[in-house]
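Chain residues, written in single-letter form:
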Amino acid sequence: MFKKGERKHSTTSSLKQEHPEVQLHSTTPYPHRLNFYDVPPVFDVTLEEFESAALARLRILAEIESSFVRNRPHDELKTVTDGQCKKYLPLNANTASLADLQSERRTDHVGHFVLRLAFCRSEELRRRFVKAEMTLFRVRWDTDDTGERNAFLKSRSFGWEEVGAKEKEMYKEELMAVPSSIKQSELRSQSDSGQYYKVRWTRVPDLVEKRRVFLKGGWAYVPEREQSSIVFQEFQTNLEKALDMTAKALPRLDEDSRLIPILNNLSQGFLAGVPSEWLSSSSSSAEGSGVKAEEIDDLAKKHFPMCMRNLHESLTRDRHLKHMGRLQYGLFLKVLGVSIDEAITFWRRSFNKITDDKFNKEYRYNIRHSYGLEGRRANYPAKSCQQILTQEQPGPNESHGCPYRHFSEDNLQSALLASYSAQGLKTTDLPEIMHTVRAGHYHVACTRVFEITHSRGGVKKGEGVGGGESVTHPNQYAARSRELEKAKQEKAENDRDAMLVDG
Amino acid sequence: MAIAKDQEAPSPELMLAFYRRLYPFKSIMNWLNHEHVPTKLYTHREFAFTLQGDVYLRYNSFNTVEDFKKQVCTLNPTRFEIGPVYSARPRDKKTIRPGGFMPLLRELVFDIDMTDYDSIRTCCSDAGICKRCWAFIAAAVKVMDSSIRDQFGYQHLLWVYSGRRGIHLWISDKEAMELTDEQRKAIVSWIAVVTGGKDSHKKVNARLGSRPLPPSLKTALEPLAHYFGDLILTDQDCFASEEGWQALLHLIPDQSVVQKLQDKWSSDSGRSSAQKWQDFKREVKGSSQRPALQAAMEDIILQYTYPRLDAEVSKHRNHLLKAPFCVHPKTGRICVPVDPDQVDDFDPEEVPTVGQLLKELDETMAQDSPEGEEHHSDSDRTSLKPYIEMLDRHAMALMDEVRRIKRDADMTW
Ligand SMILES: [Zn+2]
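Just so it is clear, the structure is predicted and the values come from calculations on it, not from any experiment.

Draft legend 1. Geometry of the packing of aromatic side chains. Residue and element names in this part refer to chain A. Counted under the stated rule, the structure contains 61 aromatic pairs over all chains. Aromatic pair tyrosine 329 and phenylalanine 332: ring centres 6.3 Å apart, planes at 15°, arrangement stacked. Separated by three residues within a single helix, tyrosine 329 and phenylalanine 332 lie in helix α15 (residues 323-336), roughly one turn from each other. For the pair phenylalanine 450 and tyrosine 477, a centre-to-centre distance of 4.9 Å together with 85° between the ring planes defines the contact as edge-to-face. On the criterion of sequence distance, the pair formed by phenylalanine 450 in helix α22 (residues 442-453) and tyrosine 477 in helix α23 (residues 474-502) is long-range, its members being 27 residues apart. Comparing phenylalanine 450 with tyrosine 477, the two get one shared label, buried. Grouping aromatic residues by their ring pairs yields a cluster made of Phe36, Tyr37, Phe113, Phe137, Trp141, Phe152, Phe158, Trp160, Tyr197, Phe232 and Phe235. Directly above the ring of tryptophan 219 sits lysine 198, whose terminal nitrogen or CZ lies 5.7 Å from the centroid. Residue placement shows arginine 309 over the ring face of tyrosine 420; its charged tip is 5.4 Å from the ring centre.

Set out below in structure tokens:
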């Protein structure tokens, strides 16, 4: 898809099986699980595959970024990332006989290259992309089977030179004295052949920084146990160079106008620090369960994220909301499970300063429209964090948007305390939250507030909205919150039942 | 403590005369540019000027030596600094799209300053420096110069006196120029051993547990042991005062040894540093904790003599550093190059001041030579001459290498 002259593929064509270049290595185009992405995909890809492979990968990379922001220790990051990969971007070892290895690897391959296109366009994006990709590669390297990993290492040149016996003898003492993170006793038990690899020191700055190599004349003598450092650095350097090249070549790609909106959307989501959209279709049982108009106020206080709390408070206070606010809040309520009839009741009661006539004329149609009952009859989804963060910024008298991003620091802090102190948020929690906000990681701040306000329900720091996932959608926030409450109630009931039986 | 002679800020008139008649603009260009004809190494290079009244002008750049000299003589700065080579001319910075202006190349630089030795030197304090405490800098130069050459393989090292109480190192090897910030950070961590804040006693933590020192430090230990004997034990007599020997005791990991030494030293205030070190050595020999104590002895030698770096200067390509041959605005001394092989004999108090140089010049001018002769040879008439020759030799070696690389590249065609 990135090959010259092939860019004008048709939108509908799926992978052409008869394509000669695919046939060349059609048996196993991907012999290894690990991939250095030296070669771009040279087969046709449908627009759908293009987008879905990228979205799956974006989700993983965004979660990796969240892990950095939250200062997760590497082991924890590994567990979370590995879990997310299994769910959204599986990549199995050759030994996994049941998995469709080739198709998994193809998705991995395509996704990586699509994101290169999306992320090569600014220095900031490139830097973040490289860091996240490097971490993903590292997690996969660590979880790879030793045999398969060695086969991968043999499959490509890493530009190192094995240190010969003569040289090894010459620097014997120095090589032995190089400190290692691994204890001597463990070292002996490891299958370390005592081999050393020679590279320019600039290729292993991380090892030089920790004095984990012997240096002579600018050459770093890297012990076999640290070999992975060379591989990771090589991965990073390669990717940096490739992104620079892609950035320079990108203007030529602009011809294909169908790709541009997709790429824009992908990079925007990453910039906003939000993984791809939370899909309400995959959501929990807690929603869609017929929320009554009069229940909304109570639900808001218990389960809504700050953006929706703010809209709800504004509506209650002003008896009105401007257009963008109505849209953001209305669609959220729809997905929350408020039926069209209940929605009309809710909005009518809320807008109690206007006449029935005015309400029917000016608002009823819009509400029905958002439910897909008027006009184009489209089923409008609720706005995701990414959309709320990046679309129309709120003006002076408007209440939509993301408070973490659009409020002043003072206002945000008072709003948080006013909204969530009943659920356990304390003044002492604010510095950490504000620190994250200042760094521009709004969704991480929101996730942290979720964790704090649900700690009574057993949510621990780092757990996010389940499995370490960050908040990416206001409805996901609310759904998870309601789920937790339901689980708590069920447990209480079970306990009570158990007591009755025992008693 | 040394009372510095004729230490007063040079007047603007003196500065202007110095720039007009003595400053080696051409030599500086050759050194920065590695070739006779200006390349991007020169034209895309940032110069920052500090003017009278501490006005700071950044992102200046020049196409030729003449442009540069003209501007310096117009602005008459108190000093100027050299920054990185950017992807575009720094003076065009405002007209370049964001992202199109970034630092690409830069000498790898190091800064060693006497300030970081204030807690151990006994002869001077604050801004003061004398031949005796220069020995700390000399030890640092010896160790850094040989280890960078041996371990990193760099050859084009220029040491420059900072004009008051420190020294700068500029490394111009091609690989060194190209280092990323990440790589610069790595080399700093490799070299820096004396870390830990003011409040920690033990500032050397270079080994894992009680394991031997890494080979690079083992090599440094031998010359430093000599400096330790001469400088710390004899000249500076660092452990003579109670404060001094208490600091030493804090670095000894065995409490029974500490107790014994403490009793002995507090009852005999006349014991010299050398005697105290002998006392310590004797205790180590007889101790059951011998390996740990020997490691501690090595760490102590490092802590007192190993180079102390101002690490931030080295870590970023876009850090600015005062140009060689500038005049120190407080002392009036010239930032002259220093030969690392002669660093032990270098005396900061002997470095010419701008006032002295212009006096020398006036005296020789009075003797012969009609007015209006070529100004660039003026420096030959002063004690600045050997220093400029040192820079010229250094630049020549760089230019020879560039010529050789170009010739080799031609041969392959
Ligand atoms: Zn002194």
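Draft legend 2. Summary view of the domain arrangement of chain B. Annotation of chain B at the domain level lists domain 1 (12-114 + 150-189 + 311-411) and domain 2 (195-305). For domain 1 of chain B versus domain 2 of chain B, the distance between C-alpha centres works out to 40 Å.

Draft legend 3. Here's a closer look at empty space enclosed by the protein. Residues and elements named next belong to chain A. Summed over the entire model, instances satisfying the criterion amount to five cavities of 30 Å³ or more. Estimates place the volume of the largest cavity at around 120 Å³. Taken together, 13 residues form the lining of the largest cavity, with Cys307, Cys385, Cys402, Tyr404 and Cys446 sitting closest to its centre. For the lining of the largest cavity, the elements supplying multiple residues, two or more each, are α18 (385-390) and α22. Looking at side-chain class alone, the lining of the largest cavity contains eleven nonpolar, two polar and no charged residues.

Draft legend 4. Examining the pairing of strand β3 (residues 79-86) of chain B more closely. Residues and elements named next belong to chain B. Of all eight residues making up β3, seven are buried, and the element is well covered by its neighbours. The sheet contact formed by strand β1 (residues 45-51) and β3 spans five bridges and is antiparallel. The residue of β3 that forms the bridge with alanine 48 is glutamate 81. Looking at chain direction, β3 and strand β8 (residues 321-322) are connected through two bridges and run antiparallel. Along β8, the bridge assignment pairs glutamate 81 with lysine 322. As paired elements, β3 and strand β4 (residues 103-105) share two bridges and run antiparallel to each other. The residue of β4 that forms the bridge with tyrosine 86 is proline 103.

What counts and how
- Residues numbered from 1 in each chain as written.
- Chains lettered and ligands numbered in written order.
- Predicted model: local features only at pLDDT ≥ 70, side-chain atom pairs only at ≥ 80, totals over all residues.
- Heavy atoms only, no water.
- Phe/Tyr/Trp six-rings, centres within 6.5 Å; stacked < 30°, edge-to-face > 60°.
- Helix = DSSP H or I, 4+ residues; strand = E, 2+ residues; numbered from the N terminus.
- Buried < 20%, exposed > 50% of the residue type's maximum accessible area, 1.4 Å probe, protein only.
- Lys NZ or Arg CZ within 6 Å of the ring centre and 35° of its normal.
- Domains from an automatic or database assignment.
- 1 Å grid on protein atoms, 1.4 Å probe; cavity = no way out; pocket = protein on both sides within 12 Å on 5 of 7 lines; lining within 4 Å.
- Points joined across faces, edges and corners; volume = space filled by probe spheres on them.
- Nonpolar A, V, L, I, M, F, W, Y, C, P; charged D, E, K, R; others polar.
- Pairing = 2+ DSSP bridges.

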